[in-house]
Amino acid sequence: MLKTIEEMRDKMVDLLCKVIEIKAISPDFGGEGELDKAELLMRYLKDFDNVERFDARDERVKGGVRPNIVAKVKGVVNKTIWIITHLDVVPEGDERLWRTPPFKAVIENGKVYGRGSEDNGQSIVSSLFAGIAVLNADVKPKYNLGLVFVSDEESGSEYGLKHLLKQGIFSKEDFFIVPDVGSPKGELIEIAEKSILWLKFEVFGVQSHASMPVKNASRRAMKFLLDLDEKLHAKFNMRNDLFDPPYSTFEPTKRDKNVDNVNTIPGLDVSYMDCRILPEYSLDDVIDYIESVRRFYEIKDKERLNVEVIQRSSSPKTPENSEIVLKLSETIYNLRGIKPKLFGIGGNTCASFLRNAGFRNAVAWCTTDSTAHKPNEYCKIDNMVEDAKVLSALFFDPKY
Ligand SMILES: [Zn+2]
């Protein structure tokens, strides 16, 4: 079977090039959606045992739908290994930073350049050809194979994986691989994601002439933010070496503009904080603690101070000894001779929605140089082909 995949190398490169040249951008970023890309992939899935579409309606895009494809190959036992990739890509960013046109596939030195080549084109192709190899193998696969191609991953997954989770097609015993984050040799398996908490602070004061200060909202905000920053780091100081950095981060980021001139004291200061919190902590506890600091400053200064949560998401960790972790580690070891390490990330992938929905056998893995969202994004052809081998080998006993 590994030889079959090797022989399909040129077809894989050809499909990746086609995938790159279909600009599947979310309407949230001004694009026309994922329909063309989904229809291209449907042509490759004709021979699968079962192919279904679970499209979500969205009047903003071409065809009025955000497509989600589920394709299956039947196995011996009643357990499915799902491989989930996403159809959408982010815009090119500043085009002047690109050496080649972002939506034209350019092959150079064993790499294919273009927006979406790595994120998530590489894994769309590697999982699809792993599926074709499993389908055409001369023995029936041990597990059912489920290929899932979702829309809307880059802007919230409402029309993608979240929509699919409502259809009840997954079972709690199933395995899930999300090939959307990885490392250059494929030596890292992602089992956890930090919780995300975005906060908005409105700190009030009294607007006045700078020569006659009363209550300066800007100074009050700076004191509050610095104090809150220190207090959060001290209170939620647990370390977990799964993550890089191995601790929770609390970063003041955006600050809204206040007054236009130097000699006016601002009566309102609006700022934001991006927090990435280790999964050991409950976000409710963090928010309660922030509320206690907020209240202290309101009473002390006898002036209003508002805190608003503008985004929050968290997901449990996939256990280190879960079956999917052991199975994938063993397969990588058999094919590549390396013992993978487990790790966590500060961002979010589809795996977090699965873990949240109670699917504990969910990991993210692929082999990549991490060029996603950057200019001159590329996919190494070898990574795409070798990942297809690992993904297909999961469905058979190592002897096969
Ligand atoms: Zn991605």
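So, here is what we can say about the structure in this document. (Residues numbered from 1 in each chain as written. Predicted model: local features only at pLDDT ≥ 70, side-chain atom pairs only at ≥ 80, totals over all residues. Heavy atoms only, no water.)

## What to know about the packing of aromatic side chains
To describe a pair of aromatic rings, you give the distance between the ring centres and the angle between the ring planes.
Turning to step 1, where the next piece is worked out: This model, assessed by the stated rule, comprises 13 aromatic pairs.
Turning to step 2, where the next piece is worked out: Each ring, one from Phe201 and one from Phe224, has its centre 5.5 Å from the other, and the planes form 75 degrees; the classification is edge-to-face. Taken together, the residues span a long stretch of sequence, with Phe201 in strand 11 (residues 195-204) and Phe224 in helix 6 (residues 217-235) at a distance of 23 residues. Pair check on accessibility: Phe201 and Phe224 agree, each one buried.
Turning to step 3, where the next piece is worked out: Ring geometry for Phe236 against Phe250: centres 6.5 Å apart, planes inclined by 45 degrees, an arrangement best described as tilted. Note that Phe236 is positioned in the loop between helix 6 and strand 13 (249-255) and Phe250 in strand 13, a separation of 14 residues in sequence. As far as burial versus exposure is concerned, Phe236 and Phe250 are alike and both buried.
Turning to step 4, where the next piece is worked out: Through successive ring pairs, a cluster of aromatic residues spans Trp82, Phe170, Phe176 and Phe359.
Turning to step 5, where the next piece is worked out: Over the ring of Phe204 we find Arg304; its NZ or CZ atom is 3.9 Å from the centre of that ring. (Phe/Tyr/Trp six-rings, centres within 6.5 Å; stacked < 30°, edge-to-face > 60°. Helix = DSSP H or I, 4+ residues; strand = E, 2+ residues; numbered from the N terminus. Buried < 20%, exposed > 50% of the residue type's maximum accessible area, 1.4 Å probe, protein only. Lys NZ or Arg CZ within 6 Å of the ring centre and 35° of its normal.)

## Let's talk about the sheet that holds strand 16 (residues 305-313)
Hydrogen bonds between backbone groups are what pair the strands of a sheet, and the pairing can be parallel or antiparallel.
Turning to step 1, where the next piece is worked out: The antiparallel open sheet is built from four strands, whose spatial order is 13-15-11-16. Every interior strand has two partners, whereas the edge strands, strand 13 and strand 16, have only one. Strand-to-strand, the axes of this sheet are offset by a mean angle of 20 degrees, without reference to chain direction.
Turning to step 2, where the next piece is worked out: With eight bridges joining them, strand 11 and strand 16 adopt antiparallel strand pairing. Each bridged residue has a counterpart across the sheet, and for Leu197 the counterpart in strand 16 is Arg312. (Pairing = 2+ DSSP bridges. Axes fitted to C-alpha atoms, helices over the stretch in contact; angles between N-to-C directions.)

## Describing the coordination of the zinc ion
Turning to step 1, where the next piece is worked out: Donor atoms from the polypeptide that coordinate the zinc ion comprise His86 (NE2), Asp119 (OD), Asp180 (OD) and Asp180 (OD), at 1.9 to 2.6 Å from the metal.
Turning to step 2, where the next piece is worked out: Each donor residue of the zinc ion belongs to the same chain, and together they define the spacing H-x32-D-x60-D. On the criterion of sequence distance, the pair formed by His86 in strand 5 (residues 80-86) and Asp119 in helix 4 (residues 117-136) is long-range, its members being 33 residues apart. As far as the burial class goes, His86 and Asp119 line up, both buried. (Donors = N, O, S within 2.8 Å, 3.2 Å for Na, K, Ca; no water.)

## Observations concerning the layout of surface pockets
Turning to step 1, where the next piece is worked out: Approximately 790 Å³ is the volume found for the largest pocket.
Turning to step 2, where the next piece is worked out: Taken together, 33 residues line the largest pocket, and the ones lying closest to its centre are Glu153, Glu154, Gly347, Asn348 and Thr349.
Turning to step 3, where the next piece is worked out: Only helix 4, strand 11, strand 16 and strand 17 (341-345) provide two or more residues apiece to the lining of the largest pocket.
Turning to step 4, where the next piece is worked out: The leading source of residues in the lining of the largest pocket is helix 4, at five residues.
Turning to step 5, where the next piece is worked out: For the lining of the largest pocket, the class distribution of residues is nine nonpolar, 15 polar and nine charged.
Turning to step 6, where the next piece is worked out: Mapping the lining of the largest pocket onto the domain boundaries places at least three of its residues in each of domain 1 (2-180 + 366-393) and domain 2 (195-313). (1 Å grid on protein atoms, 1.4 Å probe; cavity = no way out; pocket = protein on both sides within 12 Å on 5 of 7 lines; lining within 4 Å. Points joined across faces, edges and corners; volume = space filled by probe spheres on them. Nonpolar A, V, L, I, M, F, W, Y, C, P; charged D, E, K, R; others polar. Domains from an automatic or database assignment.)

## What about the pattern of salt bridges?
Turning to step 1, where the next piece is worked out: Scanning the model with the defined rule gives 34 salt bridges in all.
Turning to step 2, where the next piece is worked out: The closest approach of N and O atoms between Asp94 and Arg96, which form a salt bridge, is 2.9 Å.
Turning to step 3, where the next piece is worked out: In this structure Asp94 comes out as partly exposed when scored by relative accessible area, which is 32%.
Turning to step 4, where the next piece is worked out: Here Asp369 ties to Lys380 by a salt bridge, and the two come within 3.2 Å at their closest N and O atoms. (Salt bridge = Lys/Arg side-chain N within 4 Å of Asp/Glu carboxyl O.)

## Topic: the nonpolar core
Turning to step 1, where the next piece is worked out: Of all hydrophobic cores here, the largest spans 81 residues; its most connected members are Leu41, Phe149, Leu232, Leu328 and Phe395.
Turning to step 2, where the next piece is worked out: Among the elements that take part in this core, helix 4 stands out by supplying eight residues, more than any other.
Turning to step 3, where the next piece is worked out: Here this core spans two domains, and each of domain 1 (2-180 + 366-393) and domain 2 (195-313) adds at least three residues to it.
Turning to step 4, where the next piece is worked out: Apart from residues lying up to four places away in sequence, Leu41 is in contact with Leu15, Val19, Ile69, Leu87, Ile124, Leu128 and Phe149. (Core = buried A, V, L, I, M, F, W, Y, C linked by side-chain atoms within 4.5 Å. Contact = heavy atoms within 4.5 Å.)

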